[in-house]
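Analysis of the macromolecular model
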Amino acid sequence: MASATSWSEENFSCSICLDVFSSPVTTPCGHNFCRTCITKFWDKQVQYQCPVCNELFHTRPDLRVNILLSELAAQFKTSVRVKEQPCVEPREVPCDVCTGTQLKAVKSCLECFTSYCRTHLERHQRVARLKNHQLVEPMECLEDRMCKKHERLLELFCRTEQVCVCKFCTEGYHRYHPVVPLKEEYKVKMAQLGNIESEVLQMIQERKLKIKDIKDTFDLSKKDADRVIADGLHALTALTRCIEKWQDDFNQTVKANLKCTEKQAEDLIKELEQEIEELTNRSSELKPLSQTEDHLHFLQAFRSLKGPPPTRDWTTVEVRPLSNIWTLRRYLNQLVETLNKEMKKLCDAELRRIQQYEVDVTLDSDTAHPYLILSEDRKQVHYGGVMKTLPDNPKRFTLFPFVLSGKSFSSGKFYFEVQVKDNTVWYLGVARESINKKALIPLTPKNGCWIIFFNKNEFVFHDNSAVPLPLRAKLQKVGVFVDYDAGLVSFYEVEAKIHIYSAIGCTFSEPLYPLLGLCAMFFGCRNSTPLIISAVNQTDIV
């Protein structure tokens, strides 16, 4: 059998439909046609003749399938599809007519709602009634691209309703709406999409950075926890060793005291037993004389009788054990002293870590009470004693002698130090942005401030009820540390390396400002020494 690939399309084309044979049959004159084509042709004719040579047949010929031509035509169709038309690739529109292997569509018909490959599109290019159909570039889901009401292509965009419309829609409901071609709106929306995409990418990046920040924070927390555990273990180990040593020394001291008391008791008992023995011997000497009835002999013997042997006055003699309670107190005092040393070491290490979060604090003159005077660099504040006339400012404290920093903090950790040396009455801490500056409010966390207060008679943290603070050293410089996210505010005596107080479990929902306050009038004392914001000694930071 000859190969169909060496023949042209004309060799396998029906003379009537001009398409490749479909079920080819042969007429008595030897010409070939599609069975359907020749049958329909003769159905319209009065006489039966060949469409090619016009040979006339007296009766309608009995048509039989041309097997050889049918096979060759089938081969030709297959080879043409494989060679000339590519198979559909991803994101390409397939031909809706192809059976088996679908080929790539080259056009879509808006009348037939069908997409065609090059082969199946041929009828639309040849048949007169199909030539009027509107062909467009291949489209998927053609039904969705057509107006449901007018069955026309959606090729316009209504900006009022934000919907796609056809040309007929603009003559009805959308007549007075601004309408543009899809391509024009496509460019606008693509620009918007680009902005949205950029925003989304930025949000993704921000969240990735947040994840990194959280991981870094956790890693730092883990390192800090490991360091604190190590410091705690070291301190407790040292303390345990001291306790064990002191317990051993204490036990030995108590036992030595007991031994001394035991020897004292034994010596007294021995002396008493010796006197008892001497008295017993004298009693034995007197017993025969007490039994005689010879008057002369008794009187003569009694005259030479000796008195009792000399003995100690035992009425004032007693065992005096050494007091062990004083020994215990002495050892406990040593234990407390060692514990304080270990606490100081821990506080020193803690201060070194938190001093890394030092921030530059300068005071905001717009918030300063009229009695307060700020230095030119806004690092110092002292009590002026005279009410200055200042412009009315909603940020200014008018009742409490306070001043806030110019910068606020709403996340993370921050630390600053204030010199309070020789100051008699002062406040120190942080306050939230919305603290009431015009009213006499309780200075508590509930009202937006976390502060400690000092005067010659009182040292407290202001909470719902004042928390008395121990004054274990003369206050020189106070450090304030805030962990906004953890809800922590801590105070330290920097020079003495002492932890003063920590407010934990705080709820911060607004920016926080460092707060300083001075007072004199309310306590009848002069307070001319300023509060000074000090820089951290960098040599102390590890």
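Our subject is the structure that appears above.
Scoring rules and cut-offs
- Residues numbered from 1 in each chain as written.
- Predicted model: local features only at pLDDT ≥ 70, side-chain atom pairs only at ≥ 80, totals over all residues.
- Heavy atoms only, no water.
- Salt bridge = Lys/Arg side-chain N within 4 Å of Asp/Glu carboxyl O.
- Helix = DSSP H or I, 4+ residues; strand = E, 2+ residues; numbered from the N terminus.
- Buried < 20%, exposed > 50% of the residue type's maximum accessible area, 1.4 Å probe, protein only.
- Pairing = 2+ DSSP bridges.
- Polar contact = N/O pair within 3.5 Å; in protein donor to acceptor, adjacent residues only side chain to side chain.
- Contact = heavy atoms within 4.5 Å.
- Axes fitted to C-alpha atoms, helices over the stretch in contact; angles between N-to-C directions.

**Quick notes on the pattern of salt bridges**
Going through the model one piece at a time under the given rule, you end up with 23 salt bridges. Where glutamate 122 meets arginine 126, a salt bridge forms, and the shortest distance between an N and an O atom there is 2.7 Å. One end of the pair is glutamate 122 and the other is arginine 126, both in helix H3 (residues 118-126) and four residues apart, which spans about a single turn. Residue arginine 126 is classed as partly exposed on the basis of its relative accessible area of 21%. Salt bridges here are not isolated pairs; linked through shared partners, they connect Arg159, Glu184, Glu185 and Lys189.

**Brief notes about the pairing of strand E20 (residues 477-483)**
With seven of seven residues buried, E20 lies mostly within the body of the structure. The pairing of E20 with strand E21 (residues 488-493) spans six bridges and is classified as antiparallel. Across the sheet, valine 478 pairs through a bridge with glutamate 493, a residue of E21.

**Structural notes on the side chain of arginine 353**
By the secondary structure assignment, arginine 353 is in helix H7 (residues 324-354). In terms of polar contacts, arginine 353 uses its side chain to reach the side chain of aspartate 224, at 3.2 Å. Setting aside residues up to four positions removed in sequence, arginine 353 forms contacts with Asp224, Arg227, Val228 and Asp231.

**Notes on the sheet that holds E21**
To summarise the sheet geometry, strands pair through backbone hydrogen bonds and adopt either a parallel or an antiparallel arrangement. If you walk across this open sheet you meet the seven strands as E12-E13-E24-E15-E20-E21-E22, and the pairing is antiparallel. The open sheet terminates on both sides in strands that have one partner only, identified here as strand E12 (372-374) and strand E22 (498-503). Averaged over all pairs of adjacent strands, the angle between strand axes in this sheet comes to 20 degrees, irrespective of strand direction.

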